[in-house]
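Close look at the chain arrangement
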Amino acid sequence: MKLFLDTASVAEIRTMWETGILDGVTTNPSLVAKEGRRFEEVLREICDLGVPSVSAEVVATTADAMVAEGRHLRGLHPAIYVKVPMTPAGLRATKVLAAEGTRVNMTLVFSATQALLAAKVGAAYVSPFIGRLDDQSQVGMDLIRDIVQIYRNYRFPTQVLVASVRHPIHVLEAAKVGADIATMPFGVMEKLAQHPLTDLGLARFLKDWEKVPKG
Ligand code: G3P
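Conventions and cut-offs
Residues numbered from 1 in each chain as written. Predicted model: local features only at pLDDT ≥ 70, side-chain atom pairs only at ≥ 80, totals over all residues. Heavy atoms only, no water. Core = buried A, V, L, I, M, F, W, Y, C linked by side-chain atoms within 4.5 Å. Buried < 20%, exposed > 50% of the residue type's maximum accessible area, 1.4 Å probe, protein only. Contact = heavy atoms within 4.5 Å. Near = heavy atom within 4 Å. Polar contact = N/O pair within 3.5 Å; in protein donor to acceptor, adjacent residues only side chain to side chain. Areas by Shrake-Rupley, 256 points an atom, 1.4 Å probe, with all protein chains shown as cover. Helix = DSSP H or I, 4+ residues; strand = E, 2+ residues; numbered from the N terminus. Expected span 1.5 Å × (residues − 1). Axes fitted to C-alpha atoms, helices over the stretch in contact; angles between N-to-C directions. Parallel < 35°, antiparallel > 145°, perpendicular 65-115°, else oblique. Left-handed = near helix turned anticlockwise from the far one by under 90°. Pairing = 2+ DSSP bridges. Right-handed = clockwise from strand over helix to strand, strands pointing away.

**Thoughts on the nonpolar core**
Generally speaking, a soluble globular protein has its nonpolar side chains buried in company with each other. Ranked by internal contacts, the top residues of the largest apolar core, which has 63 residues, are Met106, Ile144, Val160 and Val162. Setting aside residues up to four positions removed in sequence, Ile144 forms contacts with Pro128, Ile130, Val160, Val162, Val177 and Ala179. If you look at the next biggest cluster of nonpolar residues, it comprises 8 residues, including Phe4, Tyr81, Tyr125 and Ile181.

This is the structure in structure tokens:
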């Protein structure tokens, strides 16, 4: 399973990129606003690190305007995936962009039928938001299970990108149900590597090593 960072912080992306575990980055308008920087400047810096998949979201709301914005974003760098919201206009725009070879990440997906439509119009990624479903007392991971099954049934090439991930258990469950990608905040990705017994074990090894005769 691929691991993406869900952030527009170049510092966070650089840190994880250097560890070698990062496969891609997703951004959205809220994450970009948090950085207080120009969108395209941030995108270029992320792409210049060498990250192979960088999702950049359109803010247009009509199909024609989404297509125009998507073409512009895609032209910024070969690593760009154009994020398009799951609306009727978004479906029309995705159909056009995908037919031109633009890789589209359909976002704000909250049902399996929406995911079915994203696959039918040729989206490269579908982004179901599981944390926001959990917040509404609906088990987000059940949606991932349904989408994975539907895509397998019909051999859709659209990849399931689990979004709105809030903690490591979301990542673990996403991997168990066979999702292609999980995108997560920096803090969640950091936790994937941590375990208190690892820290305790290392401290004990280093302490015991002091007793080994040297020289
Ligand atoms: O980028 C989309 C998604 O991952 C947002 O997550 O935490 O705002 O629900 P969240």
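**Some remarks on the site of the ligand**
Taken together, Asp6, Asn28, Lys83, Phe129, Arg132, Ala163, Ser164 and Arg166 make up all the residues around the ligand. In this structure, an oxygen atom belonging to the ligand sits 3.0 Å away from a side-chain N or O atom of Asn28. Lys83 is positioned with one of its side-chain polar atoms (N or O) 3.4 Å from an oxygen atom of the ligand. Relative to its free-state accessible area of 310 Å², the ligand is covered by the protein chains to the extent of 83%.

**What to know about the environment of Thr87**
Within the element layout of this structure, Thr87 appears in the loop between β4 (80-85) and α5 (88-99). Counting along the chain gives 25 residues from Thr87 to Thr62, while the straight-line C-alpha distance between them is 9.5 Å.

**Points about helix α4 (residues 63-76)**
Compared with the 20 Å implied by 1.5 Å per residue over 14 residues, the 20 Å span of α4 between its first and last C-alpha is a close match. Within α4, the full set of buried residues consists of Ala63, Met66, Val67, Gly70, Leu73 and Leu76. On its buried side, α4 packs onto α3 (39-48), β3 (54-57), β4 and α5.

**Describing the packing of helix α8 (residues 140-154) against helix α9 (residues 168-177)**
In the contact formed by α8 and α9, the axes pass within 10 Å of each other and the chain directions differ by 25 degrees. Classified by the angle between their axes, α8 and α9 sit roughly parallel to one another. You can see that α8 and α9 cross each other, and the crossing is right-handed. Contacts between α8 and α9 involve Met141, Ile144, Arg145, Val148 and Arg152 from the former and His170, Glu173, Ala174 and Val177 from the latter.

**A word on the pairing of β3**
Consecutive side chains along a regular strand alternate between the two faces of the sheet. Every second residue of β3 is oriented toward a common face, with Val54 and Ala56 on one face and Ser55 and Glu57 on the other, all of them buried. Of the pairings in the sheet, the one linking β3 to β4 comprises 4 bridges and is parallel in character. Within β4, the residue paired with Ala56 across the bridge is Val82. Following the chain from β3 across α4 to the adjacent parallel β4, one finds a crossover that is right-handed.

No statement about biological role is implied by the geometric values presented.
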